[in-house]
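Read off the chains here:
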Amino acid sequence: MIVSTERTISVTVNGVPRETTVPARRLLSDALRHDLQLTGTHVGCEHGVCGACTVLVDGTPVRSCLVLAVQVDGKAVTTVEGLARDDGRGGEILHPVQEAFRECHALQCGFCTPGFLMTMAAGLEARDRSTDITEDEVDEIVGGNLCRCTGYANIKKACRHAAGLMKEAAE
Amino acid sequence: MKPAPFGYADPTSLDEALTLLTEDGAKVLAGGQSLLPLLSMRLASPATLVDINRIPGLDSVVVTPSGDGAGVRVGALVRHVELLHHAEAAQVQPLLARATSNVAHPAIRNRGTTVGSIAHADPSGEMTSVLALTGGSVTVATPAGSSAVGWADFFVGPLETSVHGPAVVTEAFFPALPPRTGTAFEEVSRRKGDYAVCGAGVTVTLDEDSRVTSARASYISVGLVPEVHDLTDAVVGQSVDSADWTAAGALARTLVDPDGDLHASADYRRLLVGVLTERTLARAAQEAQNR
Ligand SMILES: Cc1cc2nc3c(=O)[nH]c(=O)nc-3n(C[C@H](O)[C@H](O)[C@H](O)COP(=O)(O)OP(=O)(O)OC[C@H]3O[C@@H](n4cnc5c(N)ncnc54)[C@H](O)[C@@H]3O)c2cc1C
Ligand code: FES
Ligand code: FES
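Quantities reported herein were computed from a predicted structural model and do not represent experimental measurements.

Conventions adopted
Numbering of residues begins from 1 in every chain and follows the order in which that chain's sequence is written. Here chains are named by letter from A upward and ligands by number from 1 upward, in the order in which they appear as written. The predicted origin of the model limits local features to residues at a pLDDT of at least 70 and limits the giving and counting of side-chain atom pairs to 80 or more, whereas totals for whole chains, interfaces and linings rest on all residues. Just so you know, side-chain values use all the structure's heavy atoms and leave hydrogens and water out. The working definition used for a salt bridge is a side-chain nitrogen of Lys or Arg within 4 Å of a carboxyl oxygen of Asp or Glu. Every helix listed is a DSSP run of H or I at least four residues long, and every strand listed is a run of E at least two residues long, numbered separately from the N terminus. Think of it in three bands: with a 1.4 Å probe and only protein chains considered, a residue is buried below 20% of the maximum accessible area for its type, exposed above 50%, and partly exposed in between. A domain assignment, automatic or from a database, supplies the domain bounds used here. What makes two residues a contact is simply this: any of their non-hydrogen atoms within 4.5 Å. When two parts are put together, the accessible area they lose, computed with a 1.4 Å probe and summed over both, is reported as buried area. Whenever two N or O atoms come within 3.5 Å, that pair is a polar contact, provided that in protein one can donate a hydrogen and the other can accept it, and provided that, for residues adjacent in sequence, both atoms are side-chain atoms. UniProt positions are given in the numbering used here, feature names are shortened, and annotations may be inferred rather than shown by experiment. Definition of nonpolar core: a set of buried residues of the types Ala, Val, Leu, Ile, Met, Phe, Trp, Tyr and Cys, connected through side-chain atoms within 4.5 Å. By convention in these notes, a residue is near a molecule or strand provided one of its non-hydrogen atoms lies within 4 Å of it. Residue burial considers only the protein chains on display, and all accessible areas are found by Shrake-Rupley using a 1.4 Å probe. Each residue receives one of three labels: charged for Asp, Glu, Lys and Arg, nonpolar for Ala, Val, Leu, Ile, Met, Phe, Trp, Tyr, Cys and Pro, and polar for the others, Gly being one of them.

Asker: How would you sum up the pattern of salt bridges? Please name residues and give values.
Answerer: Using the criterion set out here, one finds 21 salt bridges over all chains in the structure. Asp139(A) is the partner of Lys156(A) in a salt bridge, and the nearest nitrogen-oxygen pair spans 3.0 Å. Note that Lys156(A) is positioned in helix H5 (residues 153-170) and Asp139(A) in helix H4 (residues 135-142), a separation of 17 residues in sequence. Residue Asp139(A) is classed as partly exposed on the basis of its relative accessible area of 31%. For Arg54(B), the salt bridge identified is with Asp10(B), shortest N-O distance 2.8 Å. Pair noted here: Arg54(B) is in the loop between strand E3 (48-51) and strand E4 (61-64) and Asp10(B) is in the loop between strand E1 (7-9) and helix H1 (14-21), with a separation of 44 residues, a long-range link. Judged by its relative accessible area of 15%, Asp10(B) falls in the buried class. Salt bridges here are not isolated pairs; linked through shared partners, they connect Arg7(A), Asp10(B) and Arg54(B).

Okay, structure coming up:
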């Protein structure tokens, strides 16, 4: 039985298989930023409170500062860099939450934005798209993330707008 | 804000995990939602983390609706989010879904385990109080074998349990709600999903004529270990529609011994105990009529 201080992990990041060797104590957030050079994932508090580092592991949103890199060996990770879709012509089609953030002016400095986008994308994809989103649902989706700039009003507006876009797309 | 170096092992059997845990400075890693912040803040620096996430057989919720052992058995790898959405479990013990909806935010509930929050024994955790209020127990596996430990013997102090040495809590058992019994859960927090400034879980039992035979409460972020307070004396024999819940709230205020901290004074917490008790008991009593 092996106790390791370092491991080589294989992770599918934004659809691309990646391999990297990390010390056991490496947080997933740091592995993404330092080892895989994906600096879209932001690190604010580094103890689970702000949500800036939220990524999807096997499709489920988690705080990447509260997961060890060695724990995602064999799993699929999606970061904000993987949120937009390829349009097949060398460009990208924004995810509805990205579209809504732009439309509703839901960011100022942008530090919290990747975390909000990932949390919101997962939250909206998980809900029943045939219904209109309620204020309670919006609060539940954005409530775990901190923003120091916007005052949240436009972030919540973007959440409602994105829910609307996704409802239309489902109709 | 980075953890100190440690060794990492992810055993695939309970026996292996227990062997690894016999080493000095080895610690169980479950969801990591409480442990990793402690490591990053360097409040803990274990020599080895024994990750239990790859051990099979610890991830099920077993619901026994009636008869012997009626209740809900929650394995060590069941995440808060699973209990929150488990309709069958909610039927047999409604406090589970009601309380987990107050545990942290969705991204944390996706990873944090319910058993981990009990093993962590944080007096501001919801599930420690729910284990107490339902009269539950945990199963503790050690190299010498497995045994059940009742909630009152398990919680010793803030972040401290009676389990020492190599051990894995393999499951928590929440007994089923008795007939003619209703529950309610409510908390006050600065932001939805944050640790509660004060929270209350209650059960109310009625007789055939809808008169109160039992009223009990357990509080969150009040006191050093979870406790169950019997408030029956304030309302016993009273009809569900005219029971004096205010008196029960007043009684509760005299029974608790909250501390003050950065988030709230002791007096404010005591006030909240009264208010939340009154509100939740009334709701639980209404529900009891229909069960
Ligand atoms: C921002 C934030 C807000 C939160 N808010 C709340 C809240 O409102 N309410 C709440 O209750 N919790 C809250 N939590 C904590 C969360 O619920 C954790 O998931 C939970 O407390 C611990 O479970 P875990 O599986 O993550 O355990 P870990 O973090 O992996 O472990 C915690 C401790 O328990 C021990 N342990 C865990 N599992 C076992 C086991 N099976 N056997 C033996 N020992 C074990 C570990 O060794 C460690 O000491 C919050 C966390 C964060 C980061
Ligand atoms: S950086 Fe991970 S939650 Fe703040
Ligand atoms: S836009 Fe600056 S922190 Fe949110």
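From this point, things continue past the structure.
Asker: So what's going on with the domain arrangement of chain A? Residues and values would help.
Answerer: Residue and element names in this part refer to chain A. For chain A, the assigned domains read domain 1 (6-82) and domain 2 (85-170). Centre-to-centre separation of domain 1 and domain 2, based on C-alpha positions: 21 Å. Residue-level contacts link 16 residues of domain 1 with twelve residues of domain 2. A buried area of about 1100 Å², summed over both sides, lies between domain 1 and domain 2, and 65% of it is on carbon and sulfur atoms. Considering only the surface of domain 1 that becomes buried against domain 2, His42, Thr54 and Val80 emerge as the three largest contributors, covering 40% of it. At the surface where domain 1 touches domain 2, the tally comes to zero salt bridges. Counting across the domain 1 and domain 2 interface gives five residue pairs in polar contact (both at pLDDT 80 or more).

Asker: Could you give an account of the UniProt feature "domain: FAD-binding PCMH-type" (unreviewed entry) in chain B, naming the residues involved and the relevant values?
Answerer: Per the UniProt record, "domain: FAD-binding PCMH-type" (unreviewed entry) is found at residues 1-179 of chain B. In this annotation, residues 1-179 of chain B is assigned 30% helix and 25% strand; the end-to-end C-alpha distance for the span is 50 Å.

Asker: Could you give me a rundown of the nonpolar core, with the residues and numbers involved?
Answerer: With 50 residues, the main nonpolar core has Ile118(B), Met127(B), Val138(B) and Phe174(B) as its most contacted residues. With five residues, helix H8 (residues 126-133) of chain B is the single largest residue contributor to this core. Val13(A), Val62(A), Val77(A) and Leu29(B) belong to the second largest nonpolar core, which has 31 residues in total.

Asker: Explain the interface of chain A and chain B residue by residue, including any values.
Answerer: You'll often see interface size given as the accessible area lost when the parts meet. On the side of chain B, 37 residues touch chain A, which itself brings 30 residues to the contact. Summed over both partners, the interface of chain A with chain B buries about 2800 Å², with 58% contributed by carbon and sulfur atoms. Across the contact surface, chain A and chain B share five salt bridges. The residue Glu140(A) makes a salt bridge to Lys192(B) at a minimum N-O spacing of 2.8 Å. Viewed at the interface, chain B and chain A are joined by eleven residue pairs in polar contact (both at pLDDT 80 or more). With four residues, strand E4 (residues 60-63) of chain A is the largest single contributor of residues to the side of chain A that touches chain B.

Asker: Explain the site of ligand 1 residue by residue, including any values.
Answerer: Close contacts around ligand 1 come from 33 residues, with Val28(B), Gly32(B), Leu35(B), Thr113(B) and Glu126(B) the closest. Residues near ligand 1 are shared among chains A and B, making this a multi-chain site. Between ligand 1 and the protein, one listed contact pairs an oxygen atom with a side-chain N or O atom of Ser34(B) at 2.8 Å. Protein burial of ligand 1: of its 960 Å² of free accessible surface, 93% is covered by the chains. Within the residue set of the shell around ligand 1, elements represented by two or more residues are strand E2 (26-29), helix H7 (114-120) and strand E10 (168-175) of chain B. When residues in the shell around ligand 1 are grouped by element, the largest group, five residues, is from H7(B). Partitioned by chemical class, the residues of the shell around ligand 1 number 16 nonpolar, 14 polar and three charged.

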